Amino acid sequence: MSHPRATSPATVEAVRLLAGQVRLARVQRRMTVAELAERVGVSVPTIRKVESGDPTVAIGTAFEAATIVGVVLFDGDPTRRVLEAGRVRDQLALLPQLVRPMRPYNDDF
């Protein structure tokens, strides 16, 4: 039996926001849950989980559903998204590839 993972309040809030945006956009486009599920390539219960804010749904599935119904992810301008992705890659290139935990130090002299 697996134990449920604790989800931070900020994560719950963000997932619920995305869930509401997906549902609103789907209804505004007069798309059924079944139609969205088919377009995303998942089951109807999975789309219901996306729209109810279930944090266990794969992020790719939730993002694909959002994109299909027209929810803007990150920035609506594709050029800005590319620039931001490049900025993140540049910063990651400057950081070490492997992160080691800090060793405790003794400052008692």
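Now for a quick tour of the structure. (Residues numbered from 1 in each chain as written. Predicted model: local features only at pLDDT ≥ 70, side-chain atom pairs only at ≥ 80, totals over all residues. Heavy atoms only, no water.)

Notes on the overall build of the protein chain
Heads up, the rule is: Counting from the N terminus, the helices are DSSP H or I runs at least four residues long and the strands are E runs at least two residues long. The globule rule used for comparison is 2.2 Å times the number of residues to the exponent 0.38, while the radius of gyration itself is calculated over C-alpha atoms. Categorising residues by exposure relies on relative accessible area from a 1.4 Å probe, with only protein chains included: less than 20% of the type maximum marks a residue as buried, more than 50% marks it as exposed, and the intermediate range marks it as partly exposed. Two residues qualify as a contact provided that any one of their heavy atoms is within 4.5 Å of a heavy atom in the partner residue. Accessible surface area values rest on a Shrake-Rupley calculation with a 1.4 Å probe, where residue burial reflects the displayed protein chains alone. Positive charges are assigned to Lys and Arg, negative charges to Asp and Glu, while His and the chain termini are left out of the count. By convention, the point assigned to a charge is CZ for Arg, NZ for Lys, CD for Glu and CG for Asp.
The helix and strand tally for the protein chain stands at five helices and zero strands. Mapped in sequence order, the helices and strands of the protein chain form the string α-α-α-α-α. Since a compact globule built from 109 residues should have a radius of gyration of about 13 Å, the 19 Å found for the protein chain marks it as more spread out than a globular shape. Taking the principal axes of its C-alpha atoms as reference, the protein chain extends roughly 70 × 45 × 20 Å. Residues classed as buried in the protein chain amount to 22% of the 109 residues present. Partitioning the intrachain contacts of the protein chain with sequence separation of at least 6 by distance along the chain shows that 53% fall at a separation of at least 24. Element-wise, carbon and sulfur atoms account for 58% of the exposed surface of the protein chain, whose accessible area totals about 9100 Å². The positive charge centre, built from 15 side chains, and the negative charge centre, built from 12, are 5 Å apart in the protein chain.

A closer look at the environment of G53
Position of G53 relative to the elements: it lies in the loop between helix 3 (44-52) and helix 4 (59-69). C-alpha separation for the pair G53 and R16, spaced 37 residues apart in sequence, amounts to 4.7 Å. Setting aside anything within four residues of it in sequence, one finds G53 in contact with V15 and A19.

What to know about the packing of aromatic side chains
For the record, the criterion: Note on ring pairs: Phe, Tyr and Trp rings are taken, using the six-membered ring of Trp, and paired if centres are within 6.5 Å. Classes follow the plane angle, with under 30 degrees stacked, over 60 edge-to-face and the rest tilted.
This model, assessed by the stated rule, comprises one aromatic pair. Pairing F63 with F74 gives two aromatic rings, centres 6.0 Å apart and planes at 80°, and the pair type is edge-to-face. Of this pair, F63 sits in helix 4 while F74 sits in the loop between helix 4 and helix 5 (78-94), placing them 11 residues apart in sequence. What makes F63 partly exposed here is its relative accessible area of 27%.

Overview of the side chain of T61
The topology assignment puts T61 in helix 4. With residues up to four places along the chain from it excluded, the contact list for T61 reads V40, V42, T46 and V50.

Regarding a nonpolar patch on the surface
We apply this condition: Patch construction takes residues with relative accessible area above 30% that form no salt bridge. Like charges are linked within 9 Å, and nonpolar side chains (Val, Leu, Ile, Met, Phe, Trp, Tyr) are linked within 5 Å. Just to be clear on terms, a salt bridge is a Lys or Arg side-chain nitrogen sitting within 4 Å of an Asp or Glu carboxyl oxygen.
Taken together, the side chains of V88, L92 and L95 present a nonpolar region at the surface, about 260 Å² in accessible area. Mapped onto the fold, V88 is located in helix 5. V88 gets classed as partly exposed once you look at its relative accessible area, which sits at 34%.

Some remarks on helix 4
Rule in force here: The directions considered for the arc are those from the helix axis to the C-beta atoms.
Within the span of helix 4, buried status applies to T61, A62, A65, A66, I68 and V69. When helix 4 is viewed along its axis, its buried side chains cluster within an angular range of 165° and face the same direction.

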